[in-house]
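Residue-level structural notes
Listed below are the residues making up each chain.
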Protein chains: 4
Amino acid sequence: MQLSSVPGGQASAILLISCPDQPGLVATITEFIFRNHGNILHLDQHVDSEENVFFMRVEWDLARFAIPADAIGGAFKAIAEPRQMVWELHFSYNVQRMAVFVSKLGHCLYDILSRYQSGEWNVEIPLIVSNHPDMRSVAEKFDIPYHEFTITKDNKREQEDRQIELLRELNVDFVVLARYMQIISPEFVAQFPNRIINIHHSFLPAFIGAKPYHAAFARGVKIIGATSHYVTSDLDAGPILEQDTVRVDHRDSVDDLVRKGRDVEKLVLARAVWFHLQRQVLVYHNKTVIFG
Amino acid sequence: MQLSSVPGGQASAILLISCPDQPGLVATITEFIFRNHGNILHLDQHVDSEENVFFMRVEWDLARFAIPADAIGGAFKAIAEPRQMVWELHFSYNVQRMAVFVSKLGHCLYDILSRYQSGEWNVEIPLIVSNHPDMRSVAEKFDIPYHEFTITKDNKREQEDRQIELLRELNVDFVVLARYMQIISPEFVAQFPNRIINIHHSFLPAFIGAKPYHAAFARGVKIIGATSHYVTSDLDAGPILEQDTVRVDHRDSVDDLVRKGRDVEKLVLARAVWFHLQRQVLVYHNKTVIFG
Amino acid sequence: MQLSSVPGGQASAILLISCPDQPGLVATITEFIFRNHGNILHLDQHVDSEENVFFMRVEWDLARFAIPADAIGGAFKAIAEPRQMVWELHFSYNVQRMAVFVSKLGHCLYDILSRYQSGEWNVEIPLIVSNHPDMRSVAEKFDIPYHEFTITKDNKREQEDRQIELLRELNVDFVVLARYMQIISPEFVAQFPNRIINIHHSFLPAFIGAKPYHAAFARGVKIIGATSHYVTSDLDAGPILEQDTVRVDHRDSVDDLVRKGRDVEKLVLARAVWFHLQRQVLVYHNKTVIFG
Amino acid sequence: MQLSSVPGGQASAILLISCPDQPGLVATITEFIFRNHGNILHLDQHVDSEENVFFMRVEWDLARFAIPADAIGGAFKAIAEPRQMVWELHFSYNVQRMAVFVSKLGHCLYDILSRYQSGEWNVEIPLIVSNHPDMRSVAEKFDIPYHEFTITKDNKREQEDRQIELLRELNVDFVVLARYMQIISPEFVAQFPNRIINIHHSFLPAFIGAKPYHAAFARGVKIIGATSHYVTSDLDAGPILEQDTVRVDHRDSVDDLVRKGRDVEKLVLARAVWFHLQRQVLVYHNKTVIFG
């Protein structure tokens, strides 16, 4: 296996681990890396002392690592299995492939594409999917194929199956719902567990569902927010990746809330995608550990 | 009527007005003040263009005002009645009297008392009310009478009636629930409409009711908050005065949420009390207008 | 003069006024509007009680206004002159023309263009100016003419004169420096007083000048920020329009500060442009009043 | 050595380490803990890849640790010395002793004392020091000895020497300057390196020195802040522990800035003291690493 270099960085391996807490976990894992001449670049661990679960993310330099990349997983099994670890191994040089789903609103899409274009994100975007034609011209500006799937009550599952097939064909790793105004069915979600990132335009769990800005206006809140989460089969109830808020007051109409909210939405979604791209996220009990 | 001087300020009058929107409201009201030699210190108005309602707060210097303070209300009626105004008239030299209700937690109480003691707030605190003995020593430190009313399921309404009587005797203008862990009955609320300020330890409308930090922890939110609102007969559903938030992460236990939340609670409550003391608040349709 | 309709709104007039404080100002101005059958949509006033200066912004519906738009200024003079008012009169249907200056970084430019494209801002962008070729492809994506002016120490004033001429030809109302990395000379500034909006990538007055993120990193601050201000002949010292901040910590490298800072920069600049477009800004003594 | 239990927690040891980065550091340190039957409660490490410095904080349960507390340091030397580690060893059951210095303003003092009284902080406060009599009554409310040292230009060093002597006598571990309006001389600072915590009422490095709120008002900033830092012999230039900000606008007078600023000051100072109490802080190159 030939290591390709990543822009501005060295080739590194990332391990994400969770397991029942027990003495010696950090010592054992770091000793494995050290013994094989890996230099640790980042290490963050966490113990949920109520649930007694251990979480860890460790990233190390592969430059002088004694084990070839494609054999690391096999070697690590000897450590992982007796300790009942659930683990993922990633390599920094593998560029992830992201599909963007969008409906009629462009603010999140533009924000994503400008990060993509400027090289802020180390990602490939092989396609944009939409249930409407409105954003085709944006996709064309950025030379990204635009696939329109009109969704009706009757054809939804069928269209989703075609979408899944397309994502498979294009080797898509994860999906970003950039204000995609369609509920994803459980069958679709099951294909991409913890790999569909949504942005909901409220400070969850307040204002679940449709028209949250209208609901916030009616309640007279002084702060509105946005929430990015992994999609599960429960509406707006998946593991939260990131949230943020912005102040409003009595002078703000619903339109002002929508306008102010857009800026929070796009930033919250971008940070969530960043965490995912950096392999900083572990999901446990419908909550996220975001490693530093 | 003899005007007493307020610390660091001149004697001023404050009008709070709401009425159906119609042309000429600002011109008419400001002309009334101008004609009688009042100098406007602050003016803020707002039109709810959906509901077609006009809101205004105007404060003017009484130094050379032609109408004696006790006759201003009568004189203003001629303007108010034909325009169906709902209005309040306040004078800056009238120091408001505030009762503080507390249970076992002292952080909001200490914060209130330190503002009171340092003269930050122009307020009198004739009593502290509690359903527990725990905060008596704090009250004694600050030489404020402490009244304990043990509350049981059976004696609640009776005890509340005694509390109301006491508040009446002591000429209490408004009540601050500084983490008072008892639901106020509708009969009590009816005695102090829009004059009971509560602090709820969540970002409403998320996590209404008991144990919001536990609920926030279970949901895995990335931000917690606090909400100060006027108490109505609907639990945690009264008009919101102020909200604020603080970031949390997966390393924070429920205890950490409680600790971080305390600081937000005391600040949010203090800002809400400040707005109320400054006569900056108008309630309309279960929402607040907070004038600048 | 024929009134064109603005998207989603009625035709309105906006007066921005400052003058020595004196009794009766609000009454006189609002009576002028009322007498001529104008309905006030927004009114905000402020008195700087130290400087004794009065500030006001009032916007009213022109639908039934008795004075034709082109005669309002003349009519208002009778009120303004005896009171030494400095004032501006604007009409909502006049779409402003904005030039964007940019160098090599695209995040602010993309953000501006996506707001422009989506109709969030009621503005025309007749050109993009740059001292580098890098952003030409972005301008082309959005079909906006791109003018490159290579700047050297020797040709700077000459090139600026050509820029000014071009802006005049294209009837440009104001200029946005969207991370334009050239100091604008006083001669250029004098042509557009309070009409050049810059974004500086620090929380001014901290870290004036070049490389603020490096300076912030070296100082070990826990929060970084961005500042949007009108450009004056004093570097980074003009009237501040808007600021915001974001948290950083010891794990953040200079590159991380740059990355996190970009998001603050683009939002702060966008809010400043919004205030300017909405005619919400008055400058006085090198400070801004931003009306609500 | 007898281990006393800490409120709500088990006895634990905390190691803070910095040293030149080199392979195997985490493995070696954690193996030392594991081999001696310590269970890691928290571990956070950081590598400054520019300076090539390794930082680590590790906390472990002493319940079954094989080495007695008073021998741990000796045992760890064998690991530390060959790797040129700078390190500190702390035990959770050692309650730190904090002196509070104050002048005429009480908001930070009240905030500190309410946290102390409620048990939020595991700390002892053997004395309050002041250069003025004003806060004596507050100290008396909380039954804490109040020592007044009048400071003049002529007696400053002499008085400071008496203060140092008193702090030594009372076994004070660190000093909190809770709006103490006297510059501490380098001789005093040298006695408590990285153990004097100050709160400065601006967002450093903006507005160093006296009257920062007046300077912020004059500059027309839209956000003000507060900064807590360790005191060094350079005025307001020591390692920053924590900062925070609050929004202001043109309606805010200097008095409003002072009022809003007070709330930020007390919270920022409290968070800085918390980090110090929790042994979360390492100082390196005039910057802080705050471990999670």
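Here the structure is a predicted model, which means the values were calculated and not measured.

The helix and strand tally for chain A stands at 8 helices and 13 strands. For chain A, whose C-alpha radius of gyration is 21 Å, the value lies close to the compact-globule estimate of 19 Å for 292 residues. Its C-alpha atoms give chain A principal-axis dimensions of roughly 60 × 40 × 35 Å. Counting all 292 residues of chain A, 60% fall into the buried class. Approximately 11700 Å² of chain A is accessible, and the part contributed by carbon and sulfur atoms is 49%. Charged side chains of chain A number 29 positive and 36 negative; the gap between the two group centres comes to 4 Å.

Looking at the secondary structure, you find C:M135 in the loop between strand 6 (123-130) and helix 4 (136-141). In this view, C:M135 contacts C:V102, C:S103, C:K104, C:L105, C:G106, C:L109 and C:Y146; residues no more than four positions away in its chain are not counted.

Moving on: the sheet that holds strand 6 of chain C. Residue and element names in this part refer to chain C. What the 7 strands build is an open sheet, ordered 7-6-5-8-9-10-11; its pairing is mixed. Taken across any chain shown, the strands that pair with only one partner, and hence form the sheet edges, are strand 7 (146-148) and strand 11 (240-247). Across the sheet, the mean angle separating the axes of adjacent strands is 20 degrees when strand polarity is ignored. Each of strand 5 (96-102), strand 6, strand 8 (174-177), strand 9 (196-200), strand 10 (223-230) and strand 11 touches helix 8 (residues 254-277); the most contacted strand, strand 11, lies at about 155 degrees to it.

This part is about the domain arrangement of chain A. Residue and element names in this part refer to chain A. Here chain A is described as being made up of domain 1 (3-91) and domain 2 (96-290). Taking both partners together, domain 1 and domain 2 bury about 910 Å²; carbon and sulfur atoms supply 65% of that area. Viewed at the interface, domain 2 and domain 1 are joined by 0 salt bridges. Counting across the domain 1 and domain 2 interface gives 3 residue pairs in polar contact (both at pLDDT 80 or more). Mapped by element, the contributors of at least two residues to the side of domain 1 that touches domain 2 are strand 1 (12-20), strand 3 (53-61) and strand 4 (86-91).

This brings us to helix 2 (residues 69-80) of chain B. Residues and elements named next belong to chain B. When the terminal C-alpha atoms of helix 2 are compared, their 17 Å separation across 12 residues agrees well with the 16 Å that a helix rising 1.5 Å per residue should span. Residues of helix 2 that are buried: A69, I72, G73, F76, I79 and A80. For helix 2, the angular spread of buried residues about the axis comes to 105 degrees, placing them on one side. Turned more than 90 degrees away from the buried face of helix 2 sit D70, G74 and A78, all of them exposed. Among the structural elements, strand 1 (12-20), helix 1 (25-35), strand 3 (53-61) and strand 4 (86-91) are those in contact with the buried residues of helix 2.

Right, let's talk about the interface of chain A and chain B for a bit. Residue-level contacts link 33 residues of chain A with 33 residues of chain B. Interface of chain A and chain B: buried area, both sides summed, is about 2900 Å²; carbon and sulfur atoms make up 53% of it. Considering only the side of chain A, the residues that lose the most area to chain B are A:R219, A:K222 and A:H250, jointly responsible for 24% of the buried surface there. For the salt bridge of B:R247 with A:D244, the shortest nitrogen-to-oxygen distance reads 3.7 Å. Scanning the region where chain A abuts chain B turns up 20 residue pairs in polar contact (both at pLDDT 80 or more).

A regular strand places its side chains so that they alternate between the two faces of the sheet. Residues and elements named next belong to chain B. Counting buried residues along strand 9 (residues 196-200), 5 of its 5 residues qualify, which places the element largely inside the surrounding structure. Burial along strand 9 is two-sided: I196, N198 and H200 and I197 and I199, pointing in opposite directions, are all buried. When strand 8 (residues 174-177) meets strand 9, the two strands line up parallel, connected through 3 bridges. The residue of strand 9 that forms the bridge with V176 is I197. Once the chain exits strand 8 it traverses helix 6 (residues 186-191) before rejoining the sheet at strand 9, and the crossover so formed is right-handed. Across 4 bridges, strand 9 lies against strand 10 (residues 223-230) in antiparallel orientation. Within the sheet, the bridge partner assigned to I199 lies in strand 10 and is S228.

With 16 residues of chain B at the contact, the number on the chain D side is 16 residues. Summed over both sides, the interface of chain B with chain D buries roughly 1700 Å², with 53% coming from carbon and sulfur. It is B:Y110, B:K141 and B:R259 that lose the most area in chain B upon contact with chain D, and together they represent 30% of the buried surface on that side. Connecting chain B to chain D are 6 salt bridges. Across the salt bridge formed by D:R262 and B:E120, the nearest N and O atoms sit 3.3 Å from each other. If you look at where chain B meets chain D, you find 6 residue pairs in polar contact (both at pLDDT 80 or more). When contributions to the side of chain B that touches chain D are tallied by element, the ones reaching two or more residues are helix 3 (107-117) and helix 8 (254-277) of chain B. Among the elements that take part in the side of chain B that touches chain D, helix 8 of chain B stands out by supplying 6 residues, more than any other. Along the lines of polarity and charge, the residues of the side of chain B that touches chain D split into 4 nonpolar, 3 polar and 9 charged.

The full count for this structure, using the stated rule, is 84 salt bridges over all chains. For B:E187, the salt bridge is made with B:R157, and the minimal N-O distance between the two is 3.6 Å. Taken together, the residues B:E187 in helix 6 and B:R157 in helix 5 (residues 156-169) connect sequence positions 30 residues apart. In this structure B:R157 comes out as partly exposed when scored by relative accessible area, which is 28%. Linking B:D263 and D:R115 is a salt bridge whose minimum nitrogen-to-oxygen distance equals 2.9 Å. Separated into two different chains, B:D263 in helix 8 and D:R115 in helix 3 (residues 107-117) make up a pair that spans both. In this structure, B:D263 and D:R115 share a single accessibility class: buried.

Moving on: the relation of the copies chain A and chain B. Comparison of the two chain copies shows a relationship of rotation about an axis with a shift along it. The two copies are related by a screw operation: chain A maps onto chain B through 180 degrees of rotation and 0.0 Å of translation along the axis, at an RMSD of 0.0 Å. These values place the two chain copies in the arrangement generated by a two-fold rotation axis. In terms of proximity to the rotation axis, the leading residue of chain A is A:A206, whose C-alpha is 2.3 Å off the axis.

So, on to the relation of the copies chain B and chain D. With an RMSD of 0.0 Å, the fit of chain B onto chain D corresponds to turning through 180 degrees and sliding 0.0 Å along the axis. Of the interface residues in chain B, 100% have counterparts in chain D that sit at the interface too, so the contact is made through matching surfaces.

Moving on, we get to the packing of aromatic side chains. Taken as a whole and assessed by the stated rule, the structure comprises 42 aromatic pairs over all chains. With 5.4 Å between their ring centres and 55 degrees between their planes, D:W60 and D:F65 make a pair best called tilted. The same class applies to D:W60 and to D:F65, which are both buried. One aromatic cluster in this structure is built from A:F32, A:W60, A:F65, A:F76 and A:W87. A cation over a ring is seen here: C:K287 above D:F217, with NZ or CZ 3.5 Å from the ring centre.

Strand pairing in a sheet relies on backbone hydrogen bonds, with the paired strands running either antiparallel or parallel. Residue and element names in this part refer to chain B. Pairing is mixed across the open sheet formed by 7 strands, whose spatial order is 7-6-5-8-9-10-11. The sheet is open, and its two edges are formed by strand 7 (146-148) and strand 11 (240-247), each paired on a single side. The mean inter-strand angle of the sheet, taken between neighbouring strand axes irrespective of direction, is 20 degrees. Across the sheet, helix 8 lies against strand 5 (96-102), strand 6 (123-130), strand 8, strand 9, strand 10 and strand 11, angled at about 155 degrees from strand 11, the strand it touches most.

Quick notes on the rules
Residues numbered from 1 in each chain as written. Chains lettered and ligands numbered in written order. Predicted model: local features only at pLDDT ≥ 70, side-chain atom pairs only at ≥ 80, totals over all residues. Heavy atoms only, no water. Helix = DSSP H or I, 4+ residues; strand = E, 2+ residues; numbered from the N terminus. Rg over C-alpha atoms; globule rule 2.2 N^0.38 Å. Buried < 20%, exposed > 50% of the residue type's maximum accessible area, 1.4 Å probe, protein only. Areas by Shrake-Rupley, 256 points an atom, 1.4 Å probe, with all protein chains shown as cover. Lys, Arg positive; Asp, Glu negative; His and termini not counted. Charge placed at Lys NZ, Arg CZ, Asp CG, Glu CD. Contact = heavy atoms within 4.5 Å. Pairing = 2+ DSSP bridges. Axes fitted to C-alpha atoms, helices over the stretch in contact; angles between N-to-C directions. Domains from an automatic or database assignment. Buried area = accessible area lost by both parts, 1.4 Å probe. Salt bridge = Lys/Arg side-chain N within 4 Å of Asp/Glu carboxyl O. Polar contact = N/O pair within 3.5 Å; in protein donor to acceptor, adjacent residues only side chain to side chain. Expected span 1.5 Å × (residues − 1). Arc of directions from axis to C-beta. Right-handed = clockwise from strand over helix to strand, strands pointing away. Nonpolar A, V, L, I, M, F, W, Y, C, P; charged D, E, K, R; others polar. Least-squares fit on C-alpha atoms with pLDDT ≥ 70 in both. Phe/Tyr/Trp six-rings, centres within 6.5 Å; stacked < 30°, edge-to-face > 60°. Lys NZ or Arg CZ within 6 Å of the ring centre and 35° of its normal.

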